[in-house]
Amino acid sequence: MDIKIFEGEKTPFYYYDRELLERTLDSIEACTAGTPMKVHYAIKANATPELLRIISARGLGADCVSGNEIDLAVECGFDPSKIYYAGVGKTDEEIVTGLRHGIGCFNIESIEEIDILSQLASKEGKKATVALRINPNIDAHTHEYITTGLKENKFGIDLSLVEEAVRKVKESDSLDLGGLHFHIGSQITISEPFRILCERINELKTKLRLNGTELRFFNVGGGLGIDYDHPDENPIPDFRAYFDTILSNIDLDENQEVHCELGRAIVGQCGSLISKVVLVKKGLEKSFIIVDAGMSDLIRPALYGAHHKIENISAGPDTPIKTYDVVGPICESSDVFGKDELLPETKRGELVAFRSAGAYGSAMASRYNMRDIPGYLIK
Ligand code: LLP
């Protein structure tokens, strides 16, 4: 990382490597061209408007989880017909926002929601396309806070209630059943859960067809993981393997599409949190690098025990290596970025990069301790 480009920037801030984002999008394009796979970007991962514009310019759709995300997606150039809206607790105001923008699909998460959406759509004089979000009961083998497809999760409609839900949607004059929606979790680094998901989808499709229900698309959700340990060796996820797993296991009819909504895999590796060393504190047993970024800027280590690769980007190549704990300034003992990190001997004023922070970094920043929300630089 050439730190000259960071001169004059107020730390901490997020740095986004535009070229890497473009190459990531190139790879998605190359792997999906000519296939029935339509890719949506999960805005929740990072809603920085300039990044959204880069992504929308490539023709991707948007997966939104709030009325504000829908407004922002439209403002940043996403085609409303490619905007999908998911969420277990959509408010009436948010649903109306979606209806008025004429978004492409509402992902319905409960039987109760069908009536609510039907009434609001009818009041607005609109016909809303819906996908039923089904809980496929699959273990995605990821962190318990980010697994979503198990029976006990709050997400989606239980498999046993699918037929009832389909019937209800068909009964409504203001709803049109477009497809089914699934999402099994996030940061999934093995292909097996995606393969099992396709099997569940195929079974369900056969079952619904027997009852005369034809669907236009299946949305397999997001969840493709990134390599947090080796961001330089694996800057772009293995999209080829991911799309092949889905496309070769899902059973599609002619004209049926498969949709996915990736967040982390698109923006994760292009972002780093850049922070300045406030001081190096020598404890009795350990030395601490205290940086000016904290869990308010990047909460993933404190919340999920996640580790973002830490680099001293100011140190010269021959600096001796020492062991440090790297911590933030916030009054919480969980405000720790790394323990026993091997880093070049570090001094006050040097810059440190927390890598692979493009997804769920700035998006989850807060003003805890009355701190500023970090700025950003895209270059
Ligand atoms: N679709 C749905 C319905 C989702 O709930 C999510 C993420 C995605 C798509 C995008 O998933 P992705 O491709 O980014 O894995 N804050 C956590 C991650 C929470 C993910 C929530 N849902 C983290 O920092 O690891």
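As shown above, the structure is provided for reference.
Conventions adopted
Residues numbered from 1 in each chain as written. Predicted model: local features only at pLDDT ≥ 70, side-chain atom pairs only at ≥ 80, totals over all residues. Heavy atoms only, no water. Salt bridge = Lys/Arg side-chain N within 4 Å of Asp/Glu carboxyl O. Helix = DSSP H or I, 4+ residues; strand = E, 2+ residues; numbered from the N terminus. Buried < 20%, exposed > 50% of the residue type's maximum accessible area, 1.4 Å probe, protein only. Arc of directions from axis to C-beta. Contact = heavy atoms within 4.5 Å. Axes fitted to C-alpha atoms, helices over the stretch in contact; angles between N-to-C directions. Parallel < 35°, antiparallel > 145°, perpendicular 65-115°, else oblique. Left-handed = near helix turned anticlockwise from the far one by under 90°. Core = buried A, V, L, I, M, F, W, Y, C linked by side-chain atoms within 4.5 Å. 1 Å grid on protein atoms, 1.4 Å probe; cavity = no way out; pocket = protein on both sides within 12 Å on 5 of 7 lines; lining within 4 Å. Points joined across faces, edges and corners; volume = space filled by probe spheres on them. Pairing = 2+ DSSP bridges. Right-handed = clockwise from strand over helix to strand, strands pointing away. Nonpolar A, V, L, I, M, F, W, Y, C, P; charged D, E, K, R; others polar. Near = heavy atom within 4 Å. Polar contact = N/O pair within 3.5 Å; in protein donor to acceptor, adjacent residues only side chain to side chain. Areas by Shrake-Rupley, 256 points an atom, 1.4 Å probe, with all protein chains shown as cover.

S.K.: In this structure, what is going on with the pattern of salt bridges? I would like to understand it.
M.R.: Note on pairing: side chains with opposite charge can pair once their charged atoms come close. By the definition in use, this model includes 27 salt bridges. We note a salt bridge from Arg195 to Glu199, for which the minimum N-O separation is 2.6 Å. Taken together, the residues span about one helical turn, with Arg195 and Glu199 both in helix H7 (residues 192-210) at a distance of four residues. For Arg195, a relative accessible area of 28% puts it in the partly exposed group. Taken together, the salt bridges that share partners define one network made up of Arg18, Glu22, Asp26, Glu29 and Arg58.

S.K.: How do you make sense of helix H6 (residues 162-171) when you look at a structure like this?
M.R.: For an α-helix the count is 3.6 residues per turn, leaving residues at separations of three or four pointing the same way. For H6, the complete set of buried residues consists of Val162, Ala165, Val166 and Val169. The buried residues of H6 all sit within an arc of 100° when viewed along its axis, so they share a single face. Close packing links the buried residues of H6 with helix H5 (111-124), strand S6 (128-135), strand S7 (157-158), strand S8 (175-181) and H7.

S.K.: Quick question: what am I supposed to make of the packing of H6 against H7 here?
M.R.: A pair of packed helices is captured by two measures, namely the crossing angle of their axes and the spacing between those axes. H7 packs onto H6 with a crossing angle of 50° between their chain directions and a minimal axis gap of 11 Å. The angle between the axes of H6 and H7 places the two elements in the oblique class. H6 and H7 meet at a crossing whose hand is right-handed. On H7, the residues that touch Val162, Glu163 and Val166 of H6 are Leu204, Lys207 and Leu208.

S.K.: Looking at this structure, how should I read the nonpolar core?
M.R.: Considering soluble globular proteins, one finds that nonpolar side chains tend to be buried as a cluster. Within the largest apolar cluster, 93 residues are counted, with the highest numbers of intra-cluster contacts made by Tyr41, Leu132, Phe243 and Ile266. Per-element accounting of this core gives the leading share, six residues, to H7. The residues contacting Phe243, other than those within four sequence positions of it, are Ile28, Cys31, Thr32, Met37, Val39, Cys260 and Leu262. Judged by nonpolar contacts, the second largest core, of eight residues, contains Phe6, Tyr15, Ile313 and Ala353.

S.K.: Just checking my understanding: could you explain empty space enclosed by the protein for this structure?
M.R.: Under the counting rule described, the total for this entry stands at one cavity of 30 Å³ or more. In this structure, the largest cavity spans a volume of roughly 30 Å³. As for the largest cavity, its lining consists of Leu20, Leu21, Thr24, Ile226, Pro235, Arg264, Ala265, Ile266, Gly268, Gln269 and Cys270. Of all elements in the fold, only helix H1 (18-32) and helix H9 (264-267) reach the threshold of two or more residues within the lining of the largest cavity.

S.K.: Explain the pairing of S6 here, please?
M.R.: The side chains of a regular strand alternate between the sheet's two faces. The buried count for S6 comes to eight of eight residues, which makes it a mostly enclosed element. Of the two faces of S6, the one carrying Ala128, Val130, Leu132 and Ile134 and the one carrying Thr129, Ala131, Arg133 and Asn135 are both buried. Looking at chain direction, strand S5 (residues 105-108) and S6 are connected through three bridges and run parallel. Its bridge partner lying in S6, Ile108 is registered against Leu132. Chirality of the crossover, the property in question, places the unit of S5, H5 and S6 among those that are right-handed. Where S6 and S8 come together, six bridges link them in parallel fashion.

S.K.: Any chance you could explain the layout of surface pockets here in plain terms?
M.R.: When its volume is computed, the second largest pocket comes out at roughly 370 Å³. Around the second largest pocket, the lining comprises 22 residues; the ones closest to its centre are Lys38, Val39, His40, Gly59 and Lys82. For the lining of the second largest pocket, the secondary structure elements donating two or more residues are H1, strand S2 (37-42) and strand S10 (257-262). Here the residues of the lining of the second largest pocket sort into eight nonpolar, eight polar and six charged.

S.K.: Would you mind going over the site of the ligand with me for this structure?
M.R.: Close to the ligand lie 17 residues, the nearest being Ser186, Glu261, Arg300, Tyr304 and Tyr360. Between an oxygen atom of the ligand and a main-chain N or O atom of Gly223, the distance comes to 2.9 Å. Take Tyr304: an N or O atom from its side chain is 2.7 Å from a nitrogen atom of the ligand. Relative to its unbound accessible area of 590 Å², the ligand is 91% covered by the protein chains. Elements represented by at least two residues in the shell around the ligand include exactly S10 and helix H10 (300-304). Its residues assigned to classes, the shell around the ligand comprises six nonpolar, five polar and six charged.

S.K.: Even after reading the chapter, I still don't get the environment of Ser27, so can you show me in this structure?
M.R.: Here Ser27 shows up in helix H1. Spatially, the C-alpha atom of Ser27 lies 7.2 Å from that of Phe239, the residues being 212 residues apart in sequence. Setting aside residues up to four positions removed in sequence, Ser27 forms contacts with Ile236 and Phe239.

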